[in-house]
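Survey of secondary and tertiary structure
If you want the building blocks of each chain, they are given just below.
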Amino acid sequence: MTEDVLEPYRGQLTGYCYRMLGSAFEAEDAVQETMIRAWRGLDRFEGRSALRSWLYRIATNVCLTMLENRKRRARPMDLTAPGSPDHPPGAPLAETTWVGPVPDALLDPADLAEVRESVRLAFVAALQHLPPRQRAVLILREVLSWRASEVAELLGTTVPSVNSALQRARATLAGLPDTTPRRLTPDDENLLARYLEAFEAYDLDALTALLHEEATLSMPPFDLWLRGTGHIRAWLTGHGAGCRGSRLIPTRANGSAAFGQYRPGGEPWALQIIETRDGKVTAINAFLEVKRWFPLFGLPLSLSSAA
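These remarks concern the structure in this document. The model shown is predicted, which means the values in this text are computed figures rather than measured ones. (Residues numbered from 1 in each chain as written. Predicted model: local features only at pLDDT ≥ 70, side-chain atom pairs only at ≥ 80, totals over all residues. Heavy atoms only, no water.)

Concerning the side chain of S118
- With respect to the element layout, S118 can be found in the loop between α5 (109–115) and α6 (121–127).
- S118 gets classed as buried once you look at its relative accessible area, which sits at 5%.
- In terms of polar contacts, S118 uses its side chain to reach the side chain of R19, at 3.1 Å.
- What S118 contacts, discounting residues up to four positions off in sequence, is R19, F123, V124 and V143. (Helix = DSSP H or I, 4+ residues; strand = E, 2+ residues; numbered from the N terminus. Buried < 20%, exposed > 50% of the residue type's maximum accessible area, 1.4 Å probe, protein only. Polar contact = N/O pair within 3.5 Å; in protein donor to acceptor, adjacent residues only side chain to side chain. Contact = heavy atoms within 4.5 Å.)

This is the structure:
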């Protein structure tokens, strides 16, 4: 058995570690450590268990170690009440505060097609409320459809313990808002095309018409976030008025449409991840640390530098 047999698992392991850790960068680190440990142990593997199960066992142990004594990652709406468009965003918080975006390109295409909704920002943020072992159980059982016996073997525990952990995890998620996975529809894709057109034209009448009345706008690394079409429009005409004349470059993140936003002159400004439901935009998640995010997504740091 050679190292080449491990590489096809990289995408699905990245998706698993991202759900566990809430960070694409930490997920890549965890997968790399998993691969290193697996490479070192290949000569001793001898097919004692399925290769996939063995790799997930290693990845789970790596993630559990990384999560020791660490605060959970969150979204702005998990930390504060909605703010006012009249107030500036304040001081940025550390990157480790936030659930970050993940490029679809890092994930396994087949895995993403089946469980796209389970990498939504809201769902990944909800997972962070679970203790790490409960989180692993829920992801393996509910998202990846492992049998309870397989999860018990992976975690070195019993089937009743796995079922109990799953019940507790479900109860926790049931008490949180917006954790039900959903699929994008053709209407959603049309909505996103209209969003791009309205934002680039800075037609705020057209743009706010696309928003759900309780839509949110968040801007990590700041904890300020806004709720409602009135507040979002006021922000875009006030503190956010510099976005007028922006250009949006489509990409994909968290199983959803996303855009690299460039202000006039080609200045990179935000990675926008757009959430939709029932024909309306329900959330604009604008990640502002572009020097960190744009290279990860293959977006140029200036439009003038694009090939």
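There's plenty left to go through after this.
So, the packing of helix α7 (residues 132–143) against helix α9 (residues 159–174)
- In contact at an axis separation of 9 Å, α7 and α9 are set at 95° when each is read in the N-to-C sense. Between α7 and α9, the angle falls in the class roughly perpendicular. Of α9, the residues touching α7 (which contributes Q134, V137, L138, R141 and E142) are V162, N163, A165, L166, R168, A169, R170 and L173.
- Looking at the contact of α7 with α9 residue by residue, the classes come out as seven nonpolar, two polar and four charged. (Axes fitted to C-alpha atoms, helices over the stretch in contact; angles between N-to-C directions. Parallel < 35°, antiparallel > 145°, perpendicular 65-115°, else oblique. Nonpolar A, V, L, I, M, F, W, Y, C, P; charged D, E, K, R; others polar.)

A look at the sheet that holds strand β6 (residues 280–287)
- Strand order in the open sheet formed by six strands is β2-β1-β6-β5-β4-β3, and the pairing between neighbours is mixed. Edge strands, defined here as strands with exactly one partner in the open sheet, are β2 (225–227) and β3 (247–253). Here the strands of the sheet are splayed against their neighbours by 20° on average, with no regard to which way each runs.
- Pairing between strand β5 (residues 267–277) and β6: seven bridges, direction antiparallel. For R277, the partnering residue across the bridge sits in β6 and is K280.
- Packed onto the sheet, helix α12 (residues 229–237) meets β1 (211–218) and β2 and runs at close to 50° relative to β1. (Pairing = 2+ DSSP bridges.)

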